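If you want the building blocks of each chain, they are given just below.
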Amino acid sequence: MSSKNITTDSGIEIKELYTIEDSSKSDTSLPGEFPFTRGVQASMYRGKLWTMRQYAGFSTAEESNKRYHYLLGQGVNGLSVAFDLPTQIGYDSDHPLADGEVGKVGVAIDSLEDMELLFAGINLEEVSTSMTINASGFILLALYVALAKKQGADLKKISGTIQNDILKEYAARGTYIYPPKPSMRIITDIFEWCSTTVPKWNTISISGYHIREAGSTAVQEVAFTLSNGKAYVKAALQKGLDINVFGKRLSFFFNAHNDLFEEVAKFRAARRMWSTIMKDLGATDEKAMMLRFHTQTGGSTLTAQQPLNNICRVTIQSLAAVMGGTQSLHTNGYDEALSLPTEEAAKIALRTQQIVAFESGVPNTADPLAGSYFVESLTDEVEKAASELIEKIDSMGGSVEAIEQGFMQEQIAASAYQYQKDIERGSKISVGVNKFQSPEGTKTPVFKIDESIQKIQTEKLAKLKKKRDNSKVELCLKNLVAAAEGTENIMPLVVEAVENYCTLGEIADAFRKVFGEYN
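Before going into details, it helps to say that this report is about the structure given with it. (Residues numbered from 1 in each chain as written. Predicted model: local features only at pLDDT ≥ 70, side-chain atom pairs only at ≥ 80, totals over all residues. Heavy atoms only, no water.)

**Quick word on the overall build of the chain**
On a plain count of helices and strands, the chain comes out with 19 helices and eleven strands. Whereas a compact globule of 519 residues would reach a radius of gyration of roughly 24 Å, the chain reaches 23 Å, a difference of no more than 12%. The dimensions of the chain, computed from C-alpha atoms along their principal axes, are 80 × 60 × 45 Å. Scored against the burial criterion, the 519 residues of the chain give a buried share of 57%. Long-range pairs, those at least 24 residues apart, make up 78% of the contacts in the chain between residues at least 6 apart in sequence. For the chain, the accessible surface area stands at approximately 21100 Å², while carbon and sulfur atoms represent 52% of it. For the chain, the separation between the mean place of its 54 positive charges and that of its 65 negative charges on side chains is 2 Å. (Helix = DSSP H or I, 4+ residues; strand = E, 2+ residues; numbered from the N terminus. Rg over C-alpha atoms; globule rule 2.2 N^0.38 Å. Buried < 20%, exposed > 50% of the residue type's maximum accessible area, 1.4 Å probe, protein only. Contact = heavy atoms within 4.5 Å. Areas by Shrake-Rupley, 256 points an atom, 1.4 Å probe, with all protein chains shown as cover. Lys, Arg positive; Asp, Glu negative; His and termini not counted. Charge placed at Lys NZ, Arg CZ, Asp CG, Glu CD.)

Have a look at this one:
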């Protein structure tokens, strides 16, 4: 036996050999049964494959629309929208703070006019749309609903997700607008409004993805994500909402990294833990106890050196997501350490999913790694370590308090620092970066955003402000301020505002007047 000590990135020790003595004997549940360790559906992918999404958005609504039509033509069955930084933090393209950022990391959306162009020729009743948007998520949801109404869609049929997870913005990502308490109020207003208006819409995607991208371990990703989930559920319960109703519309968003078995164990452990958390919080409907999740392959694992190696990394990560039971998946382009993905890279990323789906045999049986002595043991270890972290957060008063005290931020920073140290001293190998380097050959083509985008968007805004009914706009914005000062649900008024062509920045500013900004 080798005496070499090997651990996962979370610090879980890996034994040289696992036997039946190491595997869990307590959880003998089947897929589709509480506590859902083995998956949320009895037949898993034999019944229905995961939704294949490709995250895309750049430049103007017109340019992004072309990419969406291309992806739909290539076999994507769910769209995933990336928004530029000004849109994410509630600024119109003509705002001084938007300078140099318009259309860069996603599409610029200033008004319903842009939304109409973004989804031109796409029937919202027939496509599931995920929108990676948080602080201004309520405005983008209102824009999407307003567009669906214009299309004549049945709102009871439209489906998709807004990320809407503000707690991880304070902890890991930084695109917040308002302080935590008013932000939580907006989120619970969304839960309440969607339950009757758009019942098939997932009202939040509680996100571990960005926590992991910021440098957390797999265990921290599970612990912090589920702890944030608990905070949202408790806020909704305090508002008097029914856990068996809103609980069914909660979804999660996880990262998939390279350590295949730890990642599979992470997904299995997260499902088991969440079902128990929801049961303890009062859920009696098993559908409200299910952890349904989207996965994206790890952006931070992609290397600028030897970028074609990233295709192999994305394949391993895709396998982890599928063997871990994901409900939908986005695969990154191999060139994303260099730029937004080119059309060619996006196609290879999608083909990776399709090869896993139709050639690998992995989806043919539910939870194919169940019963593996190693995977069952690792599932238990991840659960144990993540549960201990959640208990620590609970003792602080929950996620909001843990974030306000800087606990999550410090934990993530320490893990990121340790990982970087391991790379630099060579105790962790990154192929092509700190080992097996080679002189770079041909340059990978990169995707560039035209600098004229800001001018185009600013001119569109000026024209819109001239032709809309500005007296109606003024009234709508006044009503939003009054709603923010009171207790009524803000969503009907936000929909009315976007229908009257109030801009995203104007709506965000109406709430800034009352709620202030988080610093």
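From this point, things continue past the structure.
**Some details on unusual backbone geometry**
Residues Phe34 and Pro35 are joined by a peptide bond in cis, for which omega reads 5°. With respect to the element layout, Pro35 can be found in the loop between β2 (13–14) and β3 (51–56). One non-glycine residue, Phe36, lies in the positive phi region at around 65°. Relative to the helices and strands, Phe36 resides in the loop between β2 and β3.

**Comments concerning helix α13 (residues 373–396)**
Its 24 residues place the ends of α13 36 Å apart at the C-alpha level, agreeing with the 34 Å of an ideal helix rising 1.5 Å per residue. Here α13 has its buried residues at Val375, Glu376, Ser377, Leu378, Thr379, Val382, Ala386, Leu389, Ile390 and Ile393. Just beyond α13, the residue with positive phi is Gly397, at close to 110°. (Expected span 1.5 Å × (residues − 1).)

**Describing helix α6 (residues 180–197)**
In this model α6 runs 25 Å from its N-terminal to its C-terminal C-alpha over 18 residues, within 8% of the 26 Å that 1.5 Å per residue would give. Where burial is concerned, most of α6 is hidden: 14 out of the 18 residues are buried.

**A short note on the sheet that holds strand β7 (residues 201–202)**
In space, the nine strands of this open sheet follow the order β7-β6-β5-β4-β3-β11-β10-β9-β8, with parallel pairing throughout. The open sheet has two edge strands with one neighbour each: β7 and β8 (204–207). Pairing of β3 with strand β4 (residues 78–82) involves four bridges; the strand directions are parallel. Following the sheet pairing, Tyr55 is matched in β4 by Ser80. Against the sheet, helix α1 (residues 61–73) touches β3 and β4, its axis set at about 150° to β4. Most of the contacts of helix α4 (residues 137–151) go to strand β5 (residues 128–132), to which it runs at about 155°, and overall it touches β5, β6 (159–162) and β7. (Pairing = 2+ DSSP bridges. Axes fitted to C-alpha atoms, helices over the stretch in contact; angles between N-to-C directions.)

**Concerning the side chain of Glu113**
Relative to the elements of secondary structure, Glu113 occurs in helix α3 (residues 112–118). The exposure class assigned to Glu113 is buried, which follows from its relative accessible area of 18%.

**Here's the deal with the state of the cysteines**
Counted according to the given criterion, the structure contains zero disulfides. Here Cys502 stays free of any disulfide, with the sulfur of Cys476 as its closest cysteine sulfur at 4.6 Å. (Disulfide = S-S within 2.5 Å.)

**Observations concerning the pairing of β3**
Across the six residues that make up β3, a large majority, five, are buried. In this structure, β3 lies alongside strand β11 (residues 328–330), joined through three bridges in parallel fashion. Its bridge partner lying in β11, Met52 is registered against Leu329. This β-α-β element, β3 to α1 to β4, shows right-handed connectivity. (Right-handed = clockwise from strand over helix to strand, strands pointing away.)

**Looking at the packing of aromatic side chains**
Counted under the stated rule, the structure contains 21 aromatic pairs. Look at Phe191 and Phe246: their rings are 5.8 Å apart centre to centre, the planes differ by 10°, and that puts the pair in the stacked class. With Phe191 in helix α6 and Phe246 in helix α9 (residues 243–246), this residue pair connects regions lying 55 residues apart in the sequence. Taking 6.2 Å as the distance between ring centres and 10° as the angle between the ring planes, the aromatic pair formed by Phe252 and Phe254 counts as stacked. (Phe/Tyr/Trp six-rings, centres within 6.5 Å; stacked < 30°, edge-to-face > 60°.)

**Overview of the packing of α13 against helix α15 (residues 407–425)**
The description of two helices packed together rests on the angle between their axes and the distance between the axes. Close contact between α13 and α15 brings their axes to 11 Å; oriented N to C, the two are set at 150°. By the angle between their axes, α13 is roughly antiparallel relative to α15. The segment α13 lies against α15, with Leu389, Lys392, Ile393 and Met396 engaging Phe407, Met408 and Gln411. Taken together, the residues of the contact of α13 with α15 sort by class into five nonpolar, one polar and one charged. (Parallel < 35°, antiparallel > 145°, perpendicular 65-115°, else oblique. Nonpolar A, V, L, I, M, F, W, Y, C, P; charged D, E, K, R; others polar.)

**Side note on the packing of helix α17 (residues 470–485) against helix α19 (residues 504–515)**
At a minimum axis separation of 9 Å, α17 and α19 run at an interaxial angle of 35°. Crossing geometry of α17 relative to α19 is assigned as right-handed. Contact residues: Val473, Leu477, Leu480, Val481, Ala484 and Glu485 in α17; Glu506, Ile507, Ala510, Phe511, Lys513, Val514 and Phe515 in α19. When the residues that make up the contact of α17 with α19 are grouped by side-chain class, the tally is ten nonpolar, no polar and three charged. (Left-handed = near helix turned anticlockwise from the far one by under 90°.)

**Structural notes on the side chain of Gln220**
If you trace the backbone, Gln220 turns up in helix α8 (residues 218–238). The exposure class of Gln220 is buried, given its relative accessible area of 7%. Contacts of Gln220, omitting those with residues within four sequence positions, involve Thr225, Leu389, Gln411, Ile412 and Ser415.

**Digging into a nonpolar patch on the surface**
A cluster of nonpolar residues, Ile429, Val431 and Phe436, forms a patch on the protein surface that exposes about 290 Å² of accessible area. Mapped onto the elements of the fold, Ile429 is located in the loop between α15 and α16 (453–467). (Patch = residues over 30% accessible without salt bridge, like charges linked within 9 Å, V, L, I, M, F, W, Y side chains within 5 Å. Salt bridge = Lys/Arg side-chain N within 4 Å of Asp/Glu carboxyl O.)

**Points about the environment of Gly78**
Of note, Gly78 is situated in strand β4. Placed 52 residues apart in sequence, Gly78 and Ser130 show a C-alpha to C-alpha distance of 7.6 Å. Dropping the residues within four chain positions of it, Gly78 is found in contact with Thr51, Met52, Arg53, Gln54 and Ser128.

**Notes on the pairing of β4**
The element β4 is largely enclosed, with a buried count of five among its five residues. Burial along β4 is two-sided: Gly78, Ser80 and Ala82 and Leu79 and Val81, pointing in opposite directions, are all buried. Two strands pair when backbone bridges link them, and β4 and β5 are joined in this way by five bridges, in the parallel orientation. Bridge pairing in β5 links Gly78 to Ser128.

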